[in-house]
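Architecture at a glance
Listed below are the residues making up each chain.
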Amino acid sequence: MYTHLQLRDSTRPPVSLATLHKMKAEGEKIASLTCYDASFAALVDEADADIVLVGDSLGMVIQGHDTTVPVTMDQMVYHCQSVARGLHRPLLMADLPFASYPTRELALANSVRLMQEGGAEVVKLESGPSQIEVVEFLAGHDIAVCAHLGLKPQSVHKTGGFRVQGREADAAERMLAAARDLESAGADLILLECIPSELGQRITEALRVPVIGIGAGPHTDGQILVLYDVLGITTGRKPRFVLDCMAGAGDNLGAMKRYVQAVKTGAYPAPEHCFS
Ligand code: KIV
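What this report covers is the structure whose coordinates are included nearby. Within each chain, residue numbers correspond to sequence positions counted from 1 in written order. Totals for whole chains, interfaces and linings use all residues, but because this is a predicted model, local features are given only for residues with pLDDT of at least 70 and pairs of side-chain atoms are given and counted only at 80 or more. The basis for the side-chain values is all heavy atoms of the structure; hydrogens and waters are excluded.

The way it works is that DSSP assigns letters per residue, a run of H or I at least four long becomes a helix, a run of E at least two long becomes a strand, and they are numbered from the N terminus. With respect to the helices and strands, Glu 126 occurs in strand E4 (residues 122-126). Each residue's exposure class comes from its accessible area (1.4 Å probe, protein chains only) as a fraction of the maximum for that residue type: buried when under 20%, exposed when over 50%, partly exposed otherwise. Charged residues are defined here as Lys and Arg on the positive side and Asp and Glu on the negative side; His and the ends of the chain fall outside this count. One side-chain nitrogen of Lys or Arg within 4 Å of one carboxyl oxygen of Asp or Glu is enough to make a salt bridge. Here Glu 126 occupies a buried position and makes no salt bridge, while the nearest side chain of opposite charge, Lys 124, is found at 5.1 Å. Apart from residues lying up to four places away in sequence, Glu 126 is in contact with Asp 56, Tyr 101, Gln 131, His 148, Lys 152, Pro 153, Gln 154 and Ser 155. Contact between two residues is taken to exist if any of their heavy atoms lie within 4.5 Å; hydrogens are not considered.

So, about the packing of aromatic side chains. Pairing of aromatic rings covers Phe, Tyr and Trp, the last through its six-membered ring, and needs centres within 6.5 Å; plane angles under 30 degrees mean stacked, over 60 mean edge-to-face, and all others mean tilted. Counting across every chain of the model gives three aromatic pairs. Their ring planes at 85° and their centres at 5.7 Å tell us that Tyr 36 and Tyr 228 sit as a pair that is edge-to-face. Remark: Tyr 228 occurs in helix H11 (residues 227-230) and Tyr 36 occurs in the loop between strand E1 (30-34) and helix H3 (38-46); sequence separation between them is 192 residues. Tyr 228 shares its class with Tyr 36; the two are buried. Relative to Tyr 228, the ring of Phe 40 has its centre 6.0 Å away and its plane inclined at 65°; by these criteria the two rings are edge-to-face. Separated by 188 residues along the polypeptide, Phe 40 in helix H3 and Tyr 228 in helix H11 bring together distant segments of the chain. Tyr 228 carries the same exposure label as Phe 40, and that label is buried.

Summarising the element assignment, Val 209 is placed in the loop between helix H10 (197-206) and strand E7 (211-214). Val 209 gets classed as buried once you look at its relative accessible area, which sits at 4%. A C-alpha to C-alpha distance of 29 Å links Val 209 and Gly 59, two positions 150 residues apart in sequence. Residues in contact with Val 209, not counting those within four places in the same chain, are His 21, Lys 24, Glu 183, Ala 187, Asp 188, Leu 189, Ile 190 and Asp 221.

Any functional reading would require information that these geometric values do not contain.
Spelled out as structure tokens, the structure:
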């Protein structure tokens, strides 16, 4: 039961933001996966993922909701604590869930919960021009922040569904400007979801901070996928960027290693996983 503790390896230093900056500078791709519990966390660690995200996607893949909106702060803290117990090397990032950052003071209080109770090292929030003040405030309190742009699942009831974002020229320019402004406000990482590959490339090249993509093309500094999609567990309609690594992998660890390898070599994402 406690084998993940015995697997801890002092020859594999933990990933930090500095590690990720070095990887961006040297063109080494950053491999990231979501995770929601300690047992899978130990395997994701062994597979050598660089970032693990406790995503509010847990509302869909663990709890069976249609969206991420019902996920609460208490649930995020619980899953983050579980994942933290299984990890040694990857950087641990956690989502601020829906409506947990409407003011900078609430954003700070909830980020502190994710870090102090949950063990998170970076907090992620779905962002745009309205979150610049919040990002600046968190950064000013020494909190490492990832700003999530593009498709923002917490906003689906407002935006009308899970759709590719930034296809029109003016929307693309607004997203690029927002990414620049969030970086200037102190964001340490940017995550881009479901945007055309060309826009993913423009944003990645315009920023100093590492950019992680999901359905954002091959040019971002790294990739992230929902673990259950990589393990082929997800049922129903799958987005085109999903890579099921289970077929022929033998076991869960084999599938995770195949994903990390595909990201590192640039084999993933292939053109069929990308949007134009
Ligand atoms: O919640 C999540 O899993 C995410 C990923 C889709 C990046 O935000």
